[in-house]
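Residue strings, one per chain:
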Amino acid sequence: MSRIPLLLALLAWPLSGKADMGSIPFDQSATISEPKQDAIIAWNGKDELLYLQTTLSSSKDTKVLEMMPLPSRPSVEACAPGVFKRCGFLLPKPPEAMAAAGGDDPFGGSVDPVGAAEEVERKLIGAHDLRIVELHDAKAFSDWVAKEFSTGKGGLTVPEPMLAVINDYAKDGFKWYLFDVVDLSQQEAKKTPLKIRFATEQLYYPMRNTRVQKGGTTVSLSILTNVLFNKEDLIGISREAIEVPAKPIDVPEAKLAWIDPPILELLGLPKSAKLRSWKISGAIDSFQKDLLVRNPAAVKDKPAATPAEE
């Protein structure tokens, strides 16, 4: 079974709790904040499309290195304009919100071995300087990062808690990383949304890795699948820990393509798919598990369970 993705969090650096990418400021005195993060996940039981949109700012102008471990080699592109807005319009809403809603329906590279790691692709997307890297030696990873991302003002130092996390997940088979270098200023700004595709047999969004940080976090998730989930299918964070403002809804084929055609294609060109809105909030060091959902269609030998999304 292929490994699920997780996103790396850091300790011993002055930054807010994050569940999308771990960050290291080039200027160690800078404080990084991320007041808002949103994600769209489309999953077909074998592959996942993860759309990420974050808002970042820094206490001073600095470059920031972000990194995301992945279970398989990803492909990365910029999101089509308006994807989050279109998905947000279609999200299921509680009855009171539906009654109060107004307005019109808008629907109408080469390999370069570098010892501990290997950069296999690099591309620029908006303000992102992205590199897809295959990790070979977790113990030598710190030296590789310091060497690879050194500047005229000096290199980066990877904190020991971060190395411990990398080593932990390296043991679990995670060897693919997405590196991103962005320039941050004191003015809050949204990063160009990214669309990341990778193979995974379980729907996943990372939470347990944030246990090494302090502070609070809220993650808003829009999830599209071909199936409803049973309570027993949530094998990571419990169903009780997830806020669900409304029941899932069916989104027809034309509106799936309206959000973004690759979503429709990934789901197998269905006549409709399930769209749900989930929110996970709390102290960032309190999460002992990730959001992890198995495919109920793959569980064939057990009695039918009561859907958790009735």
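Definitions and limits used
- Residues numbered from 1 in each chain as written.
- Predicted model: local features only at pLDDT ≥ 70, side-chain atom pairs only at ≥ 80, totals over all residues.
- Heavy atoms only, no water.
- Helix = DSSP H or I, 4+ residues; strand = E, 2+ residues; numbered from the N terminus.
- Buried < 20%, exposed > 50% of the residue type's maximum accessible area, 1.4 Å probe, protein only.
- Areas by Shrake-Rupley, 256 points an atom, 1.4 Å probe, with all protein chains shown as cover.
- Phe/Tyr/Trp six-rings, centres within 6.5 Å; stacked < 30°, edge-to-face > 60°.
- Arc of directions from axis to C-beta.
- pLDDT = per-residue confidence, 0-100.
- Contact = heavy atoms within 4.5 Å.
- Salt bridge = Lys/Arg side-chain N within 4 Å of Asp/Glu carboxyl O.
- Pairing = 2+ DSSP bridges.
- Expected span 1.5 Å × (residues − 1).

In this section: the overall build of the protein chain. If you tally the helices and strands in the protein chain, you get 6 helices and 16 strands. Buried positions account for 51% of the 310 residues belonging to the protein chain. Working note: accessible area of the protein chain is about 14000 Å², and carbon and sulfur atoms make up 51% of it.

This part takes up the packing of aromatic side chains. Enumeration according to the criterion identifies 4 aromatic pairs in this entry. Ring geometry for Y177 versus F179: centroids 6.0 Å apart, planes at 35 degrees, classification tilted. Comparing Y177 with F179 shows no difference in burial state: the two are buried. Of the aromatic side chains, those joined through ring pairs into one cluster are W144, Y177 and F179.

Once that is clear, we can look at helix α3 (residues 141-148). Within α3 the residues assigned to the buried category are F141, S142, W144 and V145. Within α3, the buried residues cover an arc of 165 degrees as seen down the axis, which keeps them to one side. Residues D143 and K147 are exposed on α3 and point more than 90 degrees away from its buried face.

On to the confidence of the model for the protein chain, then. For the protein chain, the mean per-residue pLDDT works out to 76, and 70% of the residues sit at or above 70. Scored below 50 in pLDDT, residues 1-20 makes 101 contacts in the model with residues more than four places away or belonging to other chains. Taken together, the stretch residues 109-114 has pLDDT below 50 and engages in 11 contacts with residues farther than four places along the chain or on a different chain.

Tracing the backbone through its elements, the reader meets K195 in strand β11 (residues 194-199). The exposure class assigned to K195 is buried, which follows from its relative accessible area of 9%. For K195, the contacting residues outside a window of four places in its chain are L49, L50, Y51, S75, V76, E77, A78, C79, D260 and P262.

Quick look at the pattern of salt bridges now. Per the counting criterion, the structure on display carries 12 salt bridges. Among the ionic pairs, D260 bridges to K195, the shortest N-O distance being 3.5 Å. Of this pair, D260 sits in the loop between α5 (253-259) and α6 (261-266) while K195 sits in strand β11; the two residues are 65 residues apart in sequence, bridging distant segments of the chain. Bridged by salt links that share partners, the residues R73, E121 and K123 form one connected network.

Attention now goes to unusual backbone geometry. Positioned with a positive phi, L269 is a non-glycine residue whose angle comes to about 55 degrees. Along the chain, L269 turns up in the loop between α6 and β15 (272-283).

In this structure, strand β7 (residues 117-125) lies alongside strand β8 (residues 128-135), joined through 8 bridges in antiparallel fashion. Residue pairing across strands places L124 opposite D129, the latter belonging to β8.

The residue A170 is located in helix α4 (residues 160-171) in this model. Residues A170 and K139, spaced 31 residues apart in sequence, show a C-alpha to C-alpha distance of 9.8 Å.

It is worth spelling out α4 at this point. The terminal C-alpha atoms of α4 lie 17 Å apart, and with 12 residues this matches the ideal 16 Å at 1.5 Å per residue to within 8%. Once α4 ends, the next one or two residues include G173, with phi positive near 100 degrees.

Relative to the elements of secondary structure, A30 occurs in the loop between β1 (22-25) and β2 (32-43). Classification of A30 by relative accessible area gives buried; the value is 0%. Between the alpha carbons of A30 and K63 there is a distance of 9.7 Å; along the sequence they are 33 residues apart.

Let us look at the environment of L156. With respect to the element layout, L156 can be found in the loop between α3 and α4. Residues L156 and W144, 12 residues apart in the sequence, show an inter-C-alpha distance of 10.0 Å. Look past the residues within four positions of L156 in its chain and what remains in contact with it is I24, P25, F26, L65, V145, A146 and F149.

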